[in-house]
Structures are given as structure tokens and as C-alpha cells.
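Notes for the structure review
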Amino acid sequence: MLRYFTAGESHGEALVAFLSGMPAGLKVNQAFVDRELWRRQQGYGRGGRMKIERDRAHILSGVRHGCTIGSPIAVLLENKDWTNWTEALPVEPGDPAKHKRVASPRPGHADLAGALKYNFPEARYVLERASARETAARVAIGALAKLLLRELGIEVLSHVVAVGGAAVEKEVAWPAIAELYQREEVLLNCADASAETRMKEEVDHALHTGDSVGGVFEVVAHGVPPGLGTYAQWDERLDALLAAAVMSLQAVKAVEIGSGVAAATSPGSAVHDEIGYEKASGFNGFTRTRNKAGGIEGGVSNGEEIRVRGYLKPISTLRRPLQSVDFASREPVKAAYERSDVCVVPAAGVAAEAMVALTLARCALEKFGGDSMGETQRNCQGYLRQLREY
Ligand SMILES: Cc1cc2nc3c(=O)[nH]c(=O)nc-3n(C[C@H](O)[C@H](O)[C@H](O)COP(=O)(O)O)c2cc1C
């Protein structure tokens with residue numbers, strides 16, 4: 001079973017990710033993993049922190065001579081900013097006068113709920129872990145999941161659908177999303193140039209007014225065969241697993257599979273994807289006129305592209321802060337401000353790719369099994385043959 005978790009504080013020494021359950025013999029391409037980390041750091045509207053960090057995955061275990069060996073994989077990502085925080089956030093008690101308190105909780109951040117829960121007198125430790133810096137660790141192991149999926153013919157990428165009120169109107173086809181991946185400069189990771197210009201204006205407006213802006217990203221998984229996930233048990237449904245995985249990302253407040261939101265207010269005839277048959281097409285000849293279902297029916301992948309959207313609230317750290325209360329005096333004050341992003345929709349999309357890839361890799365390994373890549377691929381090929389001969 002594929003399992004993973006992460007550790008690390010935003011301004012601590014490093015982030016660490018653990019990934020257990022990968023088959024042996026998967027080629028690990030360090031440049032690919034580091035490029036994924038680079039992609040997470042891009043996007044117009046990021047704060048000063050991203051200029052300091054240039055993430056590189058330092059693989060500590062589970063990979064030898066360029067391949068996975070079936071043992072748990074541990075990855076370390078250094079926080080370059082740590083040199084500025086050694087006295088403010090030491091492991092040992094240190095000098096309390098040098099600690100950096102977060103004196104007033106930011107509405108929308110984890111500050112107040114976390115301080116109450118863990119009984120902290122202020123919010124420093126809360127934001128250190130609640131911060132989305134943690135997503136870098138997910139992206140590192142998500143890259144390994146992507147490498148596994150590639151061996152099974154599956155690719156996972158994302159693009160930005162909306163920033164504030166600026167949105168792409170039409171569905172974006174896979175080749176345009178794949179083309180975005182090749183770009184060496186990322187503005188808002190949007191496939192529609194005129195929409196991207198309007199998105200940039202939304203970010204500029206937030207920058208000029210001391211505000212922040214949210215948006216929508218879409219993750220697309222291409223080449224997923226029918227049969228991942230199952231309706232047999234509630235917690236094995238692929239749509240449920242993907243929703244939880246994407247919702248677990250900081251600031252994601254809604255998840256949509258396919259055209260799920262519009263479907264709720266449309267007649268069935270306008271929602272369901274009619275079925276046809278064309279020998280030699282797709283995995284087994286069955287075709288669809290469209291993909292409103294987003295590639296999942298009954299909690300099972302149906303052979304179409306999987307499309308998952310994440311709806312991101314605006315960042316809660318504002319340069320023009322909202323009203324709050326001082327933790328110590330309980331007097332009304334403005335919420336704390338710490339260097340922050342203004343728009344993170346493209347980066348959240350990359351983090352969501354990692355979560356989707358980890359989820360699909362888990363489902364694929366549950367279906368195909370295998371302790372080595374040869375075994376996993378053989379089982380996968382056997383299943384694909386079964387689909388062709390259906
Ligand atoms: C890639 C990414 C970067 C983020 N950067 C910031 C940031 O710079 N400042 C901030 O206040 N929130 C940022 N957030 C959002 C917060 O981490 C998040 O709102 C907070 O942890 C509270 O969790 P919740 O919004 O899920 O309730 C970011 C989120 C993502 C996905």
C-alpha cells in the first residue's frame with residue numbers, strides 16, 4: 001500500500017517527506033523531481049520567500065543507483081530561509097527575546113483555531129506548520145508518483161482556469177496543457193493568452209490595493225484506464241479519494257469532479273456523456289461524446305481523462321490587514337502581517353497534481369500490485385489486454 005506523510009516547519013531547518021510502498025526498479029530522474037519543485041515555486045503574485053528558496057530534493061533513502069529499491073523513500077528539502085531563523089525558531093529553548101511572536105491572529109488563517117487547540121499563547125507554531133511551504137514536500141514525492149504513473153502510460157498536469165473574476169471560458173484540451181508544462185517562464189499557467197492577461201490584471205489590482213485573490217485550477221490525468229477505484233466501499237471511491245486529496249491542500253475550499261457544479265442545476269440530458277462504440281478507439285472501443293463526468297462514474301475511472309478542479313480562497317495574510325484581537329491584551333488590533341503571497345493559484349495547481357498523482361498511484365498499485373516495476377507493468381499490461389479483448 002502506498003503511504004506518505006510529511007514533516008517540517010515553514011522556517012525550520014528542512015522539510016521531510018516519506019513515501020512507502022513504491023515498487024523496486026522505478027528509474028528516478030532527479031532533474032524531473034527538481035523541475036516539479038521549481039514549477040511549484042512559479043507564478044505571478046508570489047511573495048519574497050520564493051526568491052530565497054530554490055528547492056532541490058535530497059533523497060536520503062529508498063533509491064540507489066538511480067532506481068527505487070522497494071524500501072521507504074525519505075526526501076529532505078532544505079529551507080534556505082533557515083539561516084535567518086536560527087535564533088527565532090531554535091530546537092533548543094534559545095533566547096525568548098529573539099522569538100518572533102505572531103501577536104494577532106489572521107482571519108482565514110489557522111492562527112486562532114490552532115492556538116486554541118494546542119493551547120499556545122500566540123500563533124507562531126501554528127503558522128509554521130499550517131503554512132503551504134509544506135506542499136513542497138508533497139510535490140517531491142508526488143513527482144515520484146508521477147514517474148510511476150508514466151510507466152503505466154498516465155500523465156498528470158494542471159492549468160489555471162480562473163484568477164478572481166478572470167476565467168477561461170472553454171474546456172482546455174490536453175495538448176494545450178502539455179504545452180504549458182514546457183514553458184520556462186510561468187505567468188499564471190493559463191492556456192488562454194487573453195484570459196491570462198486579465199488574470200494578471202486581477203493580481204495587479206490585489207497587489208496595488210494590499211489585498212489578495214483566489215481562483216480555480218484544474219488537474220487533468222491523461223491515459224487513465226477504466227477501472228481505478230471502486231463503488232464497492234465508500235472509502236475506496238476514486239472521486240472521494242481525489243476530493244479529499246485535493247481538499248487537503250491549504251486554501252482549497254471546494255473540489256469539483258468534471259462539471260459537477262453545473263450538473264447540479266442542469267437536466268440529465270445535458271449532463272451525462274452518451275456512449276458510442278468505435279473499434280480500436282481508446283482502451284476498448286467504447287467512446288463518449290463529451291466528458292462532463294470528469295472521467296469517473298460510480299467512483300471508478302471510466303477511461304476518459306480525469307478532470308478535478310480545486311477552488312482556492314484568497315490568501316489570508318493581507319498587506320492591508322483585517323480586524324483582529326491582540327492575543328495578550330485582547331484589545332482590538334489589525335491582524336499580523338508577515339511576508340506573503342498575493343496569488344498562488346498556479347502553485348496550488350502543481351501541488352494538486354502531486355496529490356492527484358499520489359492518489360492515482362495508490363489506486364494503480366492496489367489494482368496491479370507488484371513488488372518490482374516489471375511485475376507491476378506485467379500485471380497492468382495483462383489488464384489492458386483484458387480491456388482490449390472485452
Ligand atoms: C501554494 C500555496 C501558497 C500559500 N501561501 C500563502 C501565503 O504566502 N500567505 C498566506 O497567508 N497563506 C498562504 N497560503 C494559504 C494558507 O496556507 C492557508 O490559507 C492556511 O494554512 C489556512 O488553511 P485553510 O485556508 O485551508 O483553512 C498558501 C496556500 C498555497 C496552496
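Cut-offs applied
Residue positions within a chain follow its written sequence, with the count starting from 1. Since the coordinates come from a predicted model, pLDDT governs what is reported: local features require at least 70, and pairs of side-chain atoms require 80 or more to be given and counted, while whole-chain, interface and lining totals use all residues. Side-chain metrics rest on all non-hydrogen atoms present in the structure, leaving aside hydrogens and water. In this analysis a 1.4 Å probe is tested at points of a 1 Å grid over the protein atoms alone, and where it fits but cannot get out there is a cavity; an open set with protein on both sides within 12 Å along at least five of seven lines is a pocket; lining residues have an atom within 4 Å of a point. Grid points are joined across faces, edges and corners, and a volume is the space filled by probe spheres set on the points. Helix and strand definitions follow DSSP, with helices as H or I runs of at least four residues and strands as E runs of at least two, each counted in order from the N terminus. Strands are labelled as partners when DSSP assigns at least two bridges between them. As a rule, the C-alpha atoms of each element are fitted with a line to give its axis, helices using only the stretch in contact, and angles between N-to-C directions run from 0 to 180 degrees. Between 65 and 115 degrees an angle is taken as roughly perpendicular, under 35 as roughly parallel, over 145 as roughly antiparallel, and anywhere else as oblique. In this analysis, two residues are considered to be in contact whenever any of their non-hydrogen atoms come within 4.5 Å of each other. Basically, the charged four are Asp, Glu, Lys and Arg, the nonpolar ten are Ala, Val, Leu, Ile, Met, Phe, Trp, Tyr, Cys and Pro, and anything else, Gly included, counts as polar.

1. Looking at the layout of surface pockets
- Computed from the structure, the largest pocket encloses a volume of approximately 810 Å³.
- Taken together, 37 residues make up the lining of the largest pocket; nearest its centre are His 109, Ser 131, Ala 132, Arg 133 and Asp 341.
- Counting residues per element, the ones that place at least two in the lining of the largest pocket are helix H2 (49-52), helix H4 (124-130) and helix H11 (345-368).

2. Concerning the sheet that holds strand S3 (residues 58-61)
- As summarised here, the arrangement of the four strands in space is S1-S2-S6-S3, forming an open sheet in which the pairing is antiparallel. Only two strands of the sheet have a single partner each, and these edge strands are strand S1 (3-7) and S3. Each neighbouring strand pair of the sheet contributes to a mean axis angle of 20 degrees, computed without reference to strand direction.
- The sheet contact formed by S3 and strand S6 (residues 73-78) spans three bridges and is antiparallel. Bridge pairing in S6 links Ser 61 to Ala 74.

3. Considering the packing of H11 against helix H12 (residues 373-388)
- Viewed as axis vectors pointing N to C, H11 and H12 meet at an angle of 80 degrees, and their least axial separation amounts to 9 Å. By the angle between their axes, H11 is roughly perpendicular relative to H12. Seen from H11, the contacting residues are Leu 365, Lys 367 and Phe 368; seen from H12, they are Thr 376, Asn 379, Cys 380 and Tyr 383.
- The residue makeup of the contact of H11 with H12, split by class, is four nonpolar, two polar and one charged.

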